[in-house]
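Working through the structure, step by step
Here's the letter readout for the chains.
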Amino acid sequence: MKLSLQSFAFLTYSLGLFTINFAFPLPAQAAIECEAGDMIYYPNGSLLTCILAQNITVQVSSYRSGTSNFPCQRRKYISFGEKGQFQSCQLANDTQIRTGNSVETCPAEYRIYVSTSDEANQSLTCRQY
């Protein structure tokens, strides 16, 4: 099997890119569009809170409680923990919250609060404000 110079160059280039991507993985990123001038940050530079510019759906996963989706309402505050974990938002739609074997409906316009203990236990709370 003959390997042409062009094939060798492509193979070398591809392996180089693979090596760079393997050695320096990019961090996961999430895009949240906030109203201009309404962003508050923690001293470490991570986002504390802002007013959403559009409705977004936040997905929260926990190995104990599974995955939950929360439709967050635009022009309302969304907040995060110091390490970037979602903490609360005002719901755009009625949302079902499953805790163990029970299901509760959190109405639109209510706020959902998510907290996680040091033991990775997740708590979901629905309140009017």
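All of these numbers come straight from a predicted model, not from anything done at the bench. (Residues numbered from 1 in each chain as written. Predicted model: local features only at pLDDT ≥ 70, side-chain atom pairs only at ≥ 80, totals over all residues. Heavy atoms only, no water.)

**Quick notes on the confidence of the model for the chain**
- Confidence in the prediction for the chain averages 79 pLDDT; 74% of positions are at 70 or higher.
- In the model, residues 7–29 has pLDDT below 50 throughout and makes one contact with residues more than four positions away in sequence or in other chains. (pLDDT = per-residue confidence, 0-100. Contact = heavy atoms within 4.5 Å.)

**Let's talk about unusual backbone geometry**
- You will see that R75, though not glycine, has its phi angle at about 65 degrees, which is positive.
- Tracing the sequence through the fold places R75 in the loop between β4 (66–72) and β5 (77–80). (Helix = DSSP H or I, 4+ residues; strand = E, 2+ residues; numbered from the N terminus.)

**A few points about the pairing of strand β6 (residues 86–90)**
- In terms of burial, β6 is a largely internal element, four of the five residues being buried.
- Here three bridges tie β5 to β6, and the two strands are oriented antiparallel to one another. Bridge pairing links F80 to F86 in β6.
- The antiparallel pairing of β5 with β6 creates a hairpin that spans five residues between the two strands, and G84 there sits at a positive phi of about 90 degrees.
- Judged from the three bridges that link them, β6 and strand β9 (residues 111–116) form a sheet pairing that is antiparallel. Paired with S88 across the bridge in β9 is Y113. (Buried < 20%, exposed > 50% of the residue type's maximum accessible area, 1.4 Å probe, protein only. Pairing = 2+ DSSP bridges.)

**Points about the sheet that holds β9**
- The six strands lie next to each other as β1-β2-β5-β6-β9-β10, forming an open sheet whose pairing is antiparallel. Of all the strands in the sheet, just β1 (40–41) and β10 (122–127) have a single pairing partner and so form its edges.
- Two strands pair when backbone bridges link them, and strand β2 (residues 47–51) and β5 are joined in this way by three bridges, in the antiparallel orientation. By the bridge assignment, T49 is partnered in β5 with S79.

**Regarding the packing of aromatic side chains**
- Considering all chains together, one arrives at two aromatic pairs under this definition.
- Relative to F86, the ring of F70 has its centre 6.2 Å away and its plane inclined at 20 degrees; by these criteria the two rings are stacked. In this pair, F70 is assigned in strand β4 and F86 in strand β6, connecting sequence segments 16 residues apart.
- For the ring pair F80 and F86, a centre distance of 6.3 Å and an interplane angle of 75 degrees mean the geometry is edge-to-face.
- Its relative accessible area of 8% is what places F80 among the buried residues. (Phe/Tyr/Trp six-rings, centres within 6.5 Å; stacked < 30°, edge-to-face > 60°.)

**So, the layout of surface pockets**
- Empty space within the second largest pocket amounts to approximately 210 Å³.
- Every residue lining the second largest pocket is listed: V60, S61, Q85, F86, Q87, V114, S115, T116, D118 and Q122.
- For the lining of the second largest pocket, the secondary structure elements donating two or more residues are β3 (56–62), β6 and β9.
- Top element by residues in the lining of the second largest pocket is β9. It accounts for three residues.
- Residue composition of the lining of the second largest pocket, by class: three nonpolar, six polar and one charged. (1 Å grid on protein atoms, 1.4 Å probe; cavity = no way out; pocket = protein on both sides within 12 Å on 5 of 7 lines; lining within 4 Å. Points joined across faces, edges and corners; volume = space filled by probe spheres on them. Nonpolar A, V, L, I, M, F, W, Y, C, P; charged D, E, K, R; others polar.)

**Regarding the pairing of β9**
- Strand direction decides the pairing type here: β9 and β10, joined by six bridges, are antiparallel. Across the sheet, residue I112 finds its bridge partner in β10, namely C126.

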